[in-house]
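# Inside the fold
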Amino acid sequence: MSDAQTLIENRPPSVAALFLDRVTATPDAEAYRYPVPSPSGEGPDEWKSLSWGQAAERVRAIAAGLIELGVRPEQRVALAASTRIEWILADLGIMCAGAATTTIYPQTNADESAFILSDSASRVLIAEDAAQLAKAVEKRGELPDLTHVVVIDPSGLDQDGGADWILTLDELEKRGAARLEKDADLVKERVGAITKDQLATLIYTSGTTGRPKGVRLPHDNWSYMAKAIAATGLVGADDVQYLWLPLAHVFGKVLTSGQIEVGHVTAVDGRVDKIIENLPVVRPTYMAAVPRIFEKVYNGVAAKARAGGAAKYKIFQWAAGVSREYAKASQDNFRRTGTASVPFALGAKHKVADALVYSKLREAFGGRLRACVSGSVALAPEIGYFFAGAGIHILEGYGLTESSAASFVNPGEAYRTGTVGKPVPGCEVRIADDGEILLRGPGIMEGYHGLPEKTAEVLEPDGWFHTGDIGELSPDGYLRITDRKKDLFKTSGGKYVAPTEIEGSFKSVCPFVSNILVHGADRNFCTALIALDEAALMGWAGENGLGGKPYAEVVAAPETVAMVEGYVKELNDKLQRWQTVKKFRLLPRDLDVEHGEITPSLKLKRPVVEREYKHLLDEMYEGAREA
């Protein structure tokens, strides 16, 4: 039996048990860092730390407080908050009480929040602030199971006239501490009673269509994931992780389990607008992100170079080309020989480009970044190669909410851009006859909450889970995702088109794109709806006689349309004839979560976008026979 198998098979029944083991092993070691805004609201945040022992004190108090509120094992406690230290402490407190966390994105509207609270039969809601509380107050009549709301940030609450079913997190912890004074072993006993198949987490898929489904993830899923992440060898006890991903999403959540097993430091701050500011302060050695972040960084660097004048932009374009060439050559050579060497002339060019461009880019990431893990949606290979050649190694991974997130990840030095790597230890994979990826292993969900028919549609009796993704395995086990099964479409000419592949290619070609949707099901050619990145576009506008005009006006300008048309032509030159984008329309604004066009994990909701912009799609196909 391999070391990895031994590590995974000798796992405790829950992450709650794993957490208490970690606290016993390294009580004084630093566990978390988190920002505290300056009292004036001006100037940089102050970063504070919690040791494992200090974190455990709060976790035990939260767990005991929930038990004091009457929460029993497996009952649901909902958590509606952004990524912050209290989210992690609350989640651990819920699990240590033997209860199950129902995750809710803070952006979720009142109707959908009420549906999730009702469908999950959540007894308690831990809400970030007055705004999250207001959703529960508005819908309380529809929530007979909800007995209490615990508010993390009490700013703006009516302290005098507050209802007895509302309390602050601080009050909950005080209640829990008082209970522990009478019953010191309360939490230890609850954790000791947890079985591996007991429900730990209920994550509602944000869903690109219809009502979200609750994915039931028992304690064993997270315990397995913690051990599997450690077994990959990608992270060690000396690492510093920067965690900003939404913790309501399975990708963010799984990172908290891996950290507990490995014992490294995690800096927590979910404010996306603070990422660039935080990186040089935190100086992480690794972090996880979604492709949109890398696309924005790439577009930002390109825009900055362009703003510096023609000479500076030419240097950037040259350096970007060298970076991609260097990454491809080094990865190809590593695959063949086990060493990442490149030809001497390419190495010399790379050294010059490093001094001019790449070193500054690495410093912007804090200067210590060994690797980034990218997931949720596909990263355009050309963007991956750019960062790889610049010394920022992006290890793409793959998984779903139903598989507890981390099913595949690229293996360190042997990573291959354009693939999602190899299965993590303990995960089995096979490709069905129609190309669908099937997974089996300890990370697979128990099923959909209250939906046995839906569960049976995707989960075979022998444990194989149908992912709905299309992919192919290399002879040595690397997986490449080609598209979502349901996203593939056939043109009226009978040709299959994988839209996400075309969309990813366009993002690597056009530095101004934010979102793109390729359409063409049962049509005789492909079209695209394109949303442009405001920051990058407005910089270009200032240089092209459109400065001072509002975004919507710049997007509608003939000059902008002509500029994008050039990039569409560049894209089409790389595609098969039936894949080419014959027409496109620029959207008057970017797609966003608030309008329901993308999920909180930044996945495109195709039916929503196609429905909203049906008039633009129809317009492009008018007179299609003559096109």
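You'll find the structure just up there.
Let me begin by describing the structure that accompanies this report. Small disclaimer: the values here were computed from a predicted structure and weren't measured.

### Side note on the packing of aromatic side chains
Across all of its chains, the model carries 14 aromatic pairs by this definition. Ring pairing ties together the aromatic residues Phe294, Tyr298, Tyr313, Phe316, Phe365, Phe386 and Phe387, which thus form one cluster.

### A look at the packing of helix α13 (residues 310–337) against helix α15 (residues 381–389)
For any two helices packed against each other, the geometry comes down to the angle between their axes and how far apart the axes lie. Packing of α13 against α15 brings their axes to within 7 Å, and their N-to-C directions diverge by 90°. As far as their axial angle goes, α15 and α13 are roughly perpendicular. Touching Phe316, Ala320, Ser323, Arg324, Tyr326, Ala327, Lys328 and Gln331 of α13 are Glu382, Tyr385, Phe386, Ala388 and Gly389, all from α15. Per-class residue counts for the contact of α13 with α15 are seven nonpolar, three polar and three charged.

### Remarks on the pattern of salt bridges
Enumeration according to the criterion identifies 38 salt bridges in this entry. With its nearest N and O atoms 2.8 Å apart, the salt bridge here joins Arg58 to Glu173. Separated by 115 residues along the polypeptide, Arg58 in helix α3 (residues 52–68) and Glu173 in helix α7 (residues 169–182) bring together distant segments of the chain. What makes Glu173 buried here is its relative accessible area of 13%. One salt bridge connects Lys507 with Glu295, and the closest N-O pair in it is separated by 3.7 Å. Placement of the pair is Lys507 in helix α17 (residues 499–509) and Glu295 in helix α12 (residues 291–307), with a sequence separation of 212 residues. Residue Lys507 is classed as buried on the basis of its relative accessible area, which comes to 17%.

### Observations regarding α7
Taking 1.5 Å as the rise per residue, α7 with 14 residues should run 20 Å; its terminal C-alpha atoms sit 20 Å apart, in good agreement. Along α7, the positions that sit buried rather than exposed are Leu169, Leu172, Glu173, Gly176 and Leu180. Seen from one end, α7 has its buried residues packed into an arc of 95°, which puts them on one side. Away from its buried face, by an angle of more than 90 degrees, α7 presents the exposed residues Lys174, Glu181 and Lys182. Looking at the buried residues of α7, the elements they touch are α3, α4 (85–96), β6 (148–151), β7 (166–168) and α8 (186–192).

### Regarding the sheet that holds strand β4 (residues 100–104)
Sheet strands pair by backbone hydrogen bonding; their relative direction is either parallel or antiparallel. The sheet built from eight strands is open, its strands ordered β7-β6-β5-β3-β4-β8-β9-β19 with mixed pairing. Both edges of this open sheet fall to β7 and β19 (447–448), since each of them pairs with a single strand only. The pairing of β4 with strand β8 (residues 199–204) spans three bridges and is parallel. The residue bridging Thr103 from the neighbouring strand is Ile203, located in β8.

### A few points about a nonpolar patch on the surface
Taken together, the side chains of Ile315, Trp318, Val352 and Leu356 present a nonpolar region at the surface, about 330 Å² in accessible area. Sorting the residues of the nonpolar patch by element identifies α13 and α14 (344–364) as the ones contributing at least two each. Note on Trp318: relative accessible area 35%, which makes it partly exposed.

### Let's talk about the nonpolar core
The biggest cluster of nonpolar side chains holds 136 residues, and the ones touching the most others in it are Phe19, Tyr32, Trp244, Met287, Phe365 and Phe387. The contacts of Phe387, once residues within four sequence positions are left out, are Phe294, Val297, Tyr298, Leu361, Phe365, Ile392 and Ile394. In this structure, Ala528, Leu532, Ala536 and Leu537 belong to the second largest nonpolar core, which totals 32 residues.

### Points about unusual backbone geometry
At Glu74, a position not held by glycine, the phi torsion is positive, near 70°. If you trace the backbone, Glu74 turns up in the loop between α3 and β3 (76–80).

### Regarding the environment of Lys495
Here Lys495 lies in the loop between β22 (489–490) and β23 (496–497). Taking the relative accessible area as the measure of exposure, Lys495 reaches 36% and is therefore partly exposed. Residues Lys495 and Asp332 lie 163 residues apart in sequence; the distance between their C-alpha atoms is 32 Å. When neighbours within four sequence positions are excluded, Lys495 is seen to be in contact with Phe489, Lys490 and Trp578.

### Description of α12
Over its 17 residues, α12 runs 24 Å from end to end, which matches the ideal 24 Å to within 8%, given 1.5 Å per residue. For α12, the set of buried residues is Pro291, Arg292, Ile293, Phe294, Glu295, Val297, Tyr298, Asn299, Ala302, Ala303, Ala305 and Arg306. Gly309 lies just past α12 and shows a positive phi near 110°.

### Comments concerning the sheet that holds strand β21 (residues 479–484)
Here four strands make up an open sheet; going across it, the order is β17-β18-β20-β21 and the pairing antiparallel. Lying at the two open borders of the sheet, with one neighbouring strand each, are β17 (428–431) and β21. Across the sheet, the mean angle from the axis of one strand to that of its neighbour is 50°, orientation sign disregarded. Inspection of the sheet shows strand β20 (residues 465–473) paired to β21 by five bridges, in the antiparallel sense. From the neighbouring strand, Asp469 faces β21, where its bridge partner is Arg484.

What counts and what doesn't
Residues numbered from 1 in each chain as written. Predicted model: local features only at pLDDT ≥ 70, side-chain atom pairs only at ≥ 80, totals over all residues. Heavy atoms only, no water. Phe/Tyr/Trp six-rings, centres within 6.5 Å; stacked < 30°, edge-to-face > 60°. Axes fitted to C-alpha atoms, helices over the stretch in contact; angles between N-to-C directions. Helix = DSSP H or I, 4+ residues; strand = E, 2+ residues; numbered from the N terminus. Parallel < 35°, antiparallel > 145°, perpendicular 65-115°, else oblique. Contact = heavy atoms within 4.5 Å. Nonpolar A, V, L, I, M, F, W, Y, C, P; charged D, E, K, R; others polar. Salt bridge = Lys/Arg side-chain N within 4 Å of Asp/Glu carboxyl O. Buried < 20%, exposed > 50% of the residue type's maximum accessible area, 1.4 Å probe, protein only. Expected span 1.5 Å × (residues − 1). Arc of directions from axis to C-beta. Pairing = 2+ DSSP bridges. Patch = residues over 30% accessible without salt bridge, like charges linked within 9 Å, V, L, I, M, F, W, Y side chains within 5 Å. Areas by Shrake-Rupley, 256 points an atom, 1.4 Å probe, with all protein chains shown as cover. Core = buried A, V, L, I, M, F, W, Y, C linked by side-chain atoms within 4.5 Å.

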